[in-house]
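# Residue-level structural notes
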Amino acid sequence: QLQLQESGPGLVKPSETLSLTCTVSGASISSSSNHYWGWIRQPPGKGLEWIGTISYSGTTYYTPSLKSRLTISIDMSRNQFSLNLSSVTAADTAVYYCATPNPYSSSIHYWGQGTLVTVSA
Amino acid sequence: QSALTQPASVSGSPGQSTIISCTGTSSDVGAYNYVSWYQQHPGKAPKLIIYDVSGRPSGVSNRFSGSKSGSTASLTISGLQAEDEADYYCSSYATSSTPVVFGGGTKLTVL
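These remarks concern the structure in this document. In this text the structure is predicted, and so the values were computed from the model without any measurement.

All right, on to the interface of chain B and chain A then. Each partner contributes to the interface: chain B provides 19 residues, whereas chain A provides 20 residues. A per-residue breakdown of the area chain B buries against chain A is headed by Pro46(B), Val100(B) and Phe102(B), which together make up 30% of the total. In this assembly, chain B and chain A are joined by 0 salt bridges. Considering each element in turn, the side of chain B that touches chain A owes the most residues, 3 residues, to strand S3 (residues 35–40) of chain B. The residue inventory of the side of chain B that touches chain A, partitioned by class, reads 11 nonpolar, 6 polar and 2 charged.

Spelled out as structure tokens, the structure:
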């Protein structure tokens, strides 16, 4: 059974970089052609927002509104993928989920439990 | 503003059926049979309940069903139960560069 677990700081200062890691168990990132690897966020009391996705070959897809500040990468040796969002503001405060968008349909069968990141001085 | 439009809230009594709509465009919902639905209880991660318009993952109750007509997808929940009270989100494949778009979410209240 594929499982995902987010990790990273719960508090980030404005203008700094938000960095999160998702550890994958039950599947190998490098050989799992049935999954892409992605990030979704949910501001408190609001809806889901797709942030970006990375394929097993390293191709990235970013939401246009965050593209200039966003980097998603894969560490195959650790079976992890990561999110870096630079120059954060209070608007980036959200629960961040790592997830597995299907390469063809984008349906997401597996989600991490989510981690709350607060941007505050 | 979300890419897909859902009603903010719906309600129903136990045992009844309710339908949640999800309206997109000819570039997303209308173009592909790749609509998904997610159920989210407070403080929990979303759970996939419908994929590819009408597919149901293993373990999901057959009280949940999905359909699509043109650029509008629908989630039907029959035989409402108290445990169905949650937020529901639709999503669709959109483009190769923006593969995932979500609806704004619908809060289901079981009266």
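Here we come to the environment of Leu48(A). The residue Leu48(A) is located in the loop between strand S4 (37–42) and strand S5 (49–54) in this model. The class for Leu48(A) is buried, based on a relative accessible area of 7%. Remark: the alpha-carbon pair of Leu48(A) and Tyr97(A), spanning 49 residues in sequence, is separated by 9.6 Å. Residues in contact with Leu48(A), not counting those within four places in the same chain, are Ile40(A), Arg41(A), Gln42(A), Trp111(A), Pro46(B), Tyr89(B) and Phe102(B).

Here the focus is the environment of Phe64(B). All names here are of chain B. Topologically, Phe-64 is positioned in strand S5 (residues 64–69). Here Phe-64 falls in the buried class, since its relative accessible area comes to 5%. The spacing of Phe-64 and Phe-102 is 38 residues in sequence and 19 Å in space, taken between C-alpha atoms. In contact with Phe-64, not counting residues within four places along its chain, are Gln-39, Ile-49, Ile-50, Arg-56, Thr-76, Ile-77, Asp-84 and Tyr-88.

The final tally for this structure, using the stated rule, is 11 aromatic pairs over all chains. On the basis of an interplanar angle of 45° and a centroid distance of 5.8 Å, the ring pair of Trp37(A) and Phe81(A) is categorised as tilted. One end of the pair, Trp37(A), is in strand S4; the other, Phe81(A), is in strand S8 (residues 80–85), and 44 residues separate them in sequence. Here Phe81(A) falls in the buried class, since its relative accessible area comes to 0%. Grouping aromatic residues by their ring pairs yields a cluster made of Tyr97(A), Trp111(A), Tyr38(B) and Phe102(B).

Okay, the sheet that holds strand S1 (residues 3–7) of chain A next. Residues and elements named next belong to chain A. Taking strand neighbours across the sheet as the criterion, the 4 strands line up as S1-S3-S8-S7 in an open arrangement whose pairing is antiparallel. In the strand order of this sheet, the two ends are held by S1 and strand S7 (70–75), each with one partner. Averaged over all pairs of adjacent strands, the angle between strand axes in this sheet comes to 20°, irrespective of strand direction. Pairing analysis gives 6 bridges linking S7 to S8, with the strands arranged antiparallel. Paired with Leu-70 across the two strands is Leu-85, which belongs to S8.

A water-sized probe rolled over the atoms picks out the places where empty space is left. For the largest pocket, the calculated volume is near 380 Å³. Lining of the largest pocket is provided by 13 residues; of these, Gln1(A), Leu2(A), His109(A), Tyr110(A) and Trp111(A) occupy positions nearest its centre. At the level of secondary structure, the elements contributing two or more residues to the lining of the largest pocket comprise S1 and strand S10 (108–111) of chain A together with strand S4 (47–50) of chain B. Ranked by residues supplied to the lining of the largest pocket, first place goes to S10(A) with 3 residues. Its residues assigned to classes, the lining of the largest pocket shows 8 nonpolar, 4 polar and 1 charged.

Reading the values: rules and limits
Residues numbered from 1 in each chain as written. Chains lettered and ligands numbered in written order. Predicted model: local features only at pLDDT ≥ 70, side-chain atom pairs only at ≥ 80, totals over all residues. Heavy atoms only, no water. Contact = heavy atoms within 4.5 Å. Buried area = accessible area lost by both parts, 1.4 Å probe. Salt bridge = Lys/Arg side-chain N within 4 Å of Asp/Glu carboxyl O. Helix = DSSP H or I, 4+ residues; strand = E, 2+ residues; numbered from the N terminus. Nonpolar A, V, L, I, M, F, W, Y, C, P; charged D, E, K, R; others polar. Buried < 20%, exposed > 50% of the residue type's maximum accessible area, 1.4 Å probe, protein only. Phe/Tyr/Trp six-rings, centres within 6.5 Å; stacked < 30°, edge-to-face > 60°. Pairing = 2+ DSSP bridges. Axes fitted to C-alpha atoms, helices over the stretch in contact; angles between N-to-C directions. 1 Å grid on protein atoms, 1.4 Å probe; cavity = no way out; pocket = protein on both sides within 12 Å on 5 of 7 lines; lining within 4 Å. Points joined across faces, edges and corners; volume = space filled by probe spheres on them.

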